[in-house]
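# A closer look at the structure
Here's the letter readout for the chains.
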2 protein chains.
Amino acid sequence: MTLTTAEENYLKAIYHLSEGGTKSVSTNDVAAEMKTKPASVSDMLRKLGDKQVIEYRKYYGVNITEEGKKRALQTIRKHRLWEVFLVDKLQFAWDEVHEVAEELEHIQSPLLIQRLDAYLNYPKFDPHGDPIPDEYGDVRARPRLALIEMEVDQSGQIVAVKDSSAAFLKYLDKVGAYIGARIKILDKVEFDGSMEILVDQKKTLFMSKDVAANILAIQS
Amino acid sequence: MTLTTAEENYLKAIYHLSEGGTKSVSTNDVAAEMKTKPASVSDMLRKLGDKQVIEYRKYYGVNITEEGKKRALQTIRKHRLWEVFLVDKLQFAWDEVHEVAEELEHIQSPLLIQRLDAYLNYPKFDPHGDPIPDEYGDVRARPRLALIEMEVDQSGQIVAVKDSSAAFLKYLDKVGAYIGARIKILDKVEFDGSMEILVDQKKTLFMSKDVAANILAIQS
DNA sequence: TTATTGATTTAGCCTTGGCTAAAAATAAAA
DNA sequence: TTTTATTTTTAGCCAAGGCTAAATCAATAA
Ligand SMILES: [Mn+2]
Ligand SMILES: [Mn+2]
Ligand SMILES: [Mn+2]
Ligand SMILES: [Mn+2]
């Protein structure tokens, strides 16, 4: 049973909103995420329910099924592989890839994805640090935490961003934060939650709590 | 003014059927090419006429406009660049690329195509020997003729195929004909139009007139 | 326990791109 | 010139994905 482009986009949104299928999702939340109206979402949920990729009980949100999770992860895999291609091979900036990948992820060709994966040397993470599921939908997730959750004097390495909007990514470029950077928390300001971070043992960075909440790191 | 995927496909079909905009095209011909019904074509022709990419007079075929030609050539450019990518970078066989390129050609991103073109080193021909229009829609076409039009003892080089179906391309692979091969006409059989060809000064190939009509060469 | 409110669904409409069957126009034959 | 055959268009229908407005349900407050 195949999904349309619209259905794939909805399913991906539901997967993300449900945090990997662990919680149920409301019609209104899906509408907000998809920038569409709740009435349109109700229609689509009925269709996705018919196709068994979600479990839909009227008036009580939806839960993604195992089959649905598998489908969503396939689309996510394609999205992230294309992002790697755009950045590594075509010199796109990491803030320029999302929209294009949003289209490319719907190209139907298992051979294409298999070959692309090999060509990119089986990458494990996309340009934003998000893990790329393998062809069976398995994700080798690293334990990550937001900078804002780290304590003063703790060290680590930036591995991903929570917000992949162009605006945020451009800001990170400007201040010199990037995935792979080694960091150390120098100070946390009680008053406004802002932080002072040492990057690569040489550069000091001040950031608001909003920024610190959207940078993910592993501790070391 | 933007075209939908369906409109782009129709326009491309009309461009090809009109032999680059030189002749007008009938509703039935478009229907056959698009594997759809004449009634559906009538509808679409009205839409394309409204968008000024064709000139549509009811009951008398259509002619593609200058604007339409430019649009069609952009789509053709994208199709052929993707085919080069699939063959050169992802190791697709030349008979495996068409369907995928038929989807990829509709991805909307001028930057993507510009970067892809550079990445592929500005190729001038696709894997089937068809010329790739530049970003302004200019095509540097080589004068080509079908093997069947060549005379005994004439020499040349295979530069393209007229039929790009998987079946035909697989057949060419099997018998060892390929784009770039140097050839010489050894014999033409009056009775059935079949031919005997010398490939690369060493291999002799017998082919039916149907095959010979679908291989294009430049004379030398 | 009833009334109210906020979330959700239903009803009805729109556009795109298909289809079939019927009507109409053109082209060909008598 | 009239009839016939072929091509093309029109009319009316369908499914997918949107929308707005109205109805309905569930949860909460009174
Ligand atoms: Mn998408
Ligand atoms: Mn990403
Ligand atoms: Mn296409
Ligand atoms: Mn080609």
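Residues numbered from 1 in each chain as written. Chains lettered and ligands numbered in written order. Predicted model: local features only at pLDDT ≥ 70, side-chain atom pairs only at ≥ 80, totals over all residues. Heavy atoms only, no water.

### Considering the overall build of chain A
Here is the rule we go by: Put simply, DSSP H or I for four residues or longer makes a helix, DSSP E for two residues or longer makes a strand, and each gets a number counted from the N terminus. The size measure is the radius of gyration over C-alpha atoms, and the globule rule it meets is 2.2 Å times the number of residues to the 0.38 power. Relative accessibility thresholds used throughout: buried, under 20% of the residue-type maximum; exposed, over 50%; partly exposed, between the two (1.4 Å probe, protein chains only). Where accessible areas are quoted, they stem from the Shrake-Rupley method and a 1.4 Å probe; at the residue level, only the protein chains shown are allowed to cover.
In terms of regular secondary structure, chain A is built from 8 helices and 8 strands. The C-alpha atoms of chain A give a radius of gyration of 19 Å, which matches the 17 Å a tight globule of 220 residues would have. Considering only C-alpha atoms, chain A reaches an extent of 55 × 40 × 25 Å along its principal axes. When burial is assessed residue by residue, chain A has 43% of its 220 residues classed as buried. Roughly 11,500 Å² of accessible area belongs to chain A as shown, and the carbon and sulfur atoms make up 50% of that amount.

### Overview of the sheet that holds strand S4 (residues 155–161) of chain B
Heads up, the rule is: Whether two strands pair depends on DSSP finding at least two bridges between them.
If you trace the 6 strands from one edge of the open sheet to the other, you get S3-S8-S4-S5-S6-S7 (chain B), paired in antiparallel fashion. The open sheet terminates on both sides in strands that have one partner only, identified here as strand S3 (145–146) and strand S7 (203–207) of chain B.

### Let's talk about the packing of helix H1 (residues 5–17) of chain A against helix H3 (residues 38–50) of chain A
All names here are of chain A. Quick reminder of the rule: Axes, fitted as lines to C-alpha atoms, cover a helix only where it is in contact. Angles between the N-to-C directions of the axes lie from 0 to 180 degrees. With respect to orientation, any angle under 35 degrees is reported as roughly parallel, any angle over 145 as roughly antiparallel, any angle of 65 to 115 as roughly perpendicular, and every other angle as oblique. Residue contacts follow a heavy-atom distance rule, with two residues in contact if any of their heavy atoms lie within 4.5 Å. Under the scheme applied, nonpolar residues are Ala, Val, Leu, Ile, Met, Phe, Trp, Tyr, Cys and Pro; charged residues are Asp, Glu, Lys and Arg; polar residues are all the others, including Gly.
Two numbers describe how H1 lies on H3: the axes approach to 11 Å, and their chain directions differ by 95°. When the interaxial angle is binned, H1 and H3 end up roughly perpendicular. Contact residues: Ala 6, Glu 7, Tyr 10 and Ile 14 in H1; Ser 40, Val 41, Met 44, Leu 45, Lys 47 and Leu 48 in H3. Taken together, the residues of the contact of H1 with H3 sort by class into 7 nonpolar, 1 polar and 2 charged.

### Re the coordination of the manganese ion (ligand 3)
When a metal carries six donors in an octahedron, the ideal angles between them are 90 or 180 degrees, while four donors in a tetrahedron ideally lie at 109.5 degrees. Residue and element names in this part refer to chain B. The criterion, for reference: In this listing, donors mean N, O and S atoms no farther than 2.8 Å from the metal, or 3.2 Å for Na, K and Ca; water is missing from the atoms, so a site can look incomplete.
Around the manganese ion (ligand 3), the donor atoms from the protein are Asn 9 (OD1), Glu 102 (O), Glu 102 (OE), Glu 105 (OE) and His 106 (NE2), and they sit 2.0 to 2.4 Å away. One chain supplies every donor for the manganese ion (ligand 3), spaced along it as N-x92-E-x2-E-H. Note that Asn 9 is positioned in helix H1 (residues 5–17) and His 106 in the loop between helix H5 (98–104) and helix H6 (110–119), a separation of 97 residues in sequence.

### Section: the domain arrangement of chain A
Here is the rule we go by: Each domain's limits were defined by an automated method or a database of domain assignments.
Entries for chain A in the domain assignment read domain 1 (5–64) and domain 2 (144–219). The distance between the C-alpha centroids of domain 1 of chain A and domain 2 of chain A comes to 33 Å.

### Here we look at the interface of chain B and chain A
The cut-off we apply is this: What gets called buried area is simply the loss in accessible area from a 1.4 Å probe that two parts show on being joined, summed for both. Salt bridge, as applied in this entry: a Lys or Arg side-chain nitrogen positioned within 4 Å of an Asp or Glu carboxyl oxygen.
Each side of the interface is counted separately: chain B has 19 residues, and chain A has 19 residues. A combined buried area of about 1,700 Å² lies between chain B and chain A, and 71% of that area is made up of carbon and sulfur atoms. The largest share of the area that chain B buries against chain A comes from B:Leu90, B:Arg115 and B:Tyr119, three residues that together contribute 29% of it. Our count for the chain B to chain A interface comes out at 0 salt bridges.

### Some points on the protein's contact with DNA strand D
The condition is simple: Put simply, a residue is near a molecule or strand once any heavy atom of it comes within 4 Å of that molecule or strand. Polar contact is defined as a pair of N or O atoms within 3.5 Å, subject to the rule that within protein one atom must be able to donate a hydrogen and the other to accept it, and that residues adjacent in sequence are counted only when both atoms are side-chain atoms.
Near DNA strand D lie 20 residues; those nearest to it are A:Thr4, A:Ser40, B:Ser42, B:Tyr56 and B:Lys58. Of all atoms in DNA strand D that approach within 4 Å of the protein, 77% are sugar or phosphate atoms. Taking A:Ser40, its side chain carries an N or O atom lying 2.6 Å from a phosphate oxygen of DNA strand D. With respect to DNA strand D, the side chain of B:Tyr56 contributes an N or O atom lying 2.4 Å from a phosphate oxygen. Sorting the residues of the surface near DNA strand D by element identifies H1 and H3 of chain A together with helix H2 (27–34) and helix H3 (38–50) of chain B as the ones contributing at least two each. By residue class, the composition of the surface near DNA strand D is 10 nonpolar, 7 polar and 3 charged.

### What about the coordination of the manganese ion (ligand 1)?
Residue and element names in this part refer to chain A. On the protein side, the manganese ion (ligand 1) has Asn 9 (OD1), Glu 102 (O), Glu 102 (OE), Glu 105 (OE) and His 106 (NE2) as donor atoms, found 2.0 to 2.4 Å from it. Within one chain, the residues serving as donors to the manganese ion (ligand 1) are arranged as N-x92-E-x2-E-H. On the basis of relative accessibility, which here comes to 10%, the residue His 106 falls in the buried class.

### What to know about the protein's contact with DNA strand C
Residues in close proximity to DNA strand C total 20 residues, the closest being A:Ser42, A:Tyr56, A:Lys58, B:Thr4 and B:Ser40. Sugar and phosphate atoms represent 77% of those atoms of DNA strand C found within 4 Å of the protein. Measuring from a phosphate oxygen of DNA strand C, one finds a side-chain N or O atom of B:Tyr10 at 3.3 Å. Side-chain polar atom of B:Ser40 to a phosphate oxygen of DNA strand C: 2.7 Å apart, as the coordinates give it. Those elements that provide at least two residues to the surface near DNA strand C are helix H2 (27–34) and H3 of chain A together with H1 and H3 of chain B.

### Here we look at helix H4 (residues 66–89) of chain A
Rules: By definition here, a helix of n residues has an expected span of 1.5 Å times n minus one.
For H4(A), which comprises 24 residues, the first-to-last C-alpha distance of 34 Å matches the rise-based estimate of 34 Å (1.5 Å per residue) to within 8%. Downstream of H4(A) by one or two residues, A:Gln91 has phi in the positive range, about 60°.

### Digging into the nonpolar core
Going by this rule: Among buried residues, the Ala, Val, Leu, Ile, Met, Phe, Trp, Tyr and Cys ones that are joined through side-chain atoms within 4.5 Å form a nonpolar core.
Core analysis: the largest hydrophobic core is formed by 34 residues, its most contacted members being A:Phe85, A:Leu86 and B:Leu86. Looking at this core, the elements that each hand over two or more residues are H4, helix H5 (98–104) and helix H6 (110–119) of chain A together with helix H4 (66–88), H5 and H6 of chain B. Excluding residues that lie within four positions of it along the chain, B:Leu86 makes contacts with A:Leu112, B:Gln91, B:Phe92, B:Val97, B:Val100, B:Ala101 and B:Leu104.

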